[in-house]
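Summary of the model geometry
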Amino acid sequence: KADPNDDLIESNSSNNTAYKFIIPNDDLMPPLSTTVDAPATLFHEGDSTEFNEFDIRVYLFNSGDTTAINSSITLHLPGNLSLDNPADSSIAMGDINAGENADSVWHVTINSLPGESVFFYSILVNADNAPAKLVERMVIVHGSSGIEDNSLTQTVPDKYNLLNNY
């Protein structure tokens with residue numbers, strides 16, 4: 001309690017309860033906990049090419065109690081994003097022992113700007129002895145603008161988290 005002796009005078013002492021709702025994150029559930037290290041936003045300034053490439057790194061942690069056999073990750077990109085070699089979209093991670101981790105990275109190229117200022121992509125995580133897991137992420141592209149435009153948040157599906165790409 002912040003004021004155990006009631007030394008502070010409050011206008012309404014009955015509202016001293018706080019709530020925080022916890023949204024379950026299936027990406028972190030066993031057996032293959034999955035985190036994604038990728039930009040949540042990119043900034044586009046006119047004809048700048050500085051934002052034309054970015055990396056998506058995936059970390060798998062086997063939080064189960066047995067080895068994950070033949071683990072793999074597959075990146076699914078929209079048409080305006082690409083890899084140097086499309087065959088590289090699937091990466092064999094091999095066997096991941098219980099309590100151990102593995103990681104890999106894709107280097108992604110932006111071929112054209114998205115129609116709605118956001119790129120949606122997904123990563124399929126598989127192992128022979130574990131259920132498949134689909135991890136969905138997005139990258140917001142901010143262009144140069146003289147005014148603030150909040151319309152983007154209205155087009156983002158509920159299953160995508162605007163705050164974190166974790």
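Up top you'll find the structure we're talking about.
Examining the overall build of the chain
The helix and strand tally for the chain stands at zero helices and nine strands. When the helices and strands of the chain are listed from N to C terminus, the series reads β-β-β-β-β-β-β-β-β. Across the 166 residues that make up the chain, the buried fraction comes to 33%. For the chain, the proportion of contacts with a sequence separation of at least 24, taken over those separated by at least 6, is 68%. Total accessible area on the chain is roughly 10700 Å²; 49% of this is exposed by carbon and sulfur atoms.

Overview of unusual backbone geometry
Going from Pro 30 to Pro 31, the amide bond is cis rather than trans, its omega being 5 degrees. With respect to the helices, strands and loops of the structure, Pro 31 is situated in the segment before strand 1 (32-37). The phi torsion at Asn 70 lies on the positive side, around 50 degrees, for a residue other than glycine. Examined against the element boundaries, Asn 70 turns out to sit in strand 4 (residues 68-76).

Regarding the pattern of salt bridges
In the structure shown here, the tally under the stated rule is one salt bridge. For Asp 103, the salt bridge identified is with Arg 57, shortest N-O distance 2.6 Å. Remark: Arg 57 occurs in strand 3 (residues 53-62) and Asp 103 occurs in strand 7 (residues 101-110); sequence separation between them is 46 residues.

Description of the pairing of strand 4
In this structure, strand 4 lies alongside strand 6 (residues 90-96), joined through five bridges in antiparallel fashion. When the sheet's bridge partners are listed, Ser 72 is paired in strand 6 with Ala 92. Note: strand 4 against strand 8 (residues 118-127), five bridges, orientation antiparallel. Bridged to His 76 within strand 8 is Ser 122.

Conventions adopted
The written sequence of each chain sets the order in which its residues are numbered from 1. Residue-level local features of this predicted model are given only where pLDDT is at least 70; pairs of side-chain atoms are given and counted only at 80 or more, and the full residue set underlies all totals for whole chains, interfaces and linings. Derived side-chain values reflect all non-hydrogen atoms in the structure, with water molecules and hydrogen atoms excluded from consideration. For helices the rule is a DSSP run of H or I covering at least 4 residues; for strands it is a run of E covering at least 2, with both sets numbered from the N terminus onward. Each residue is placed in one exposure class: buried if its accessible area under a 1.4 Å probe, protein chains only, is under 20% of its type's maximum, exposed if it is over 50%, and partly exposed if it falls in between. The contact criterion used throughout is that any non-hydrogen atoms of two residues lie within 4.5 Å. For accessible areas, the Shrake-Rupley method is used with a probe of radius 1.4 Å. Any residue's cover is judged against the shown protein chains and nothing else. Definition used for salt bridges: Asp or Glu carboxyl oxygen within 4 Å of a side-chain nitrogen of Lys or Arg. Should DSSP find at least two bridges between two strands, the strands are regarded as paired.

Fair warning: the whole summary comes from geometry, so function is off the table for now.
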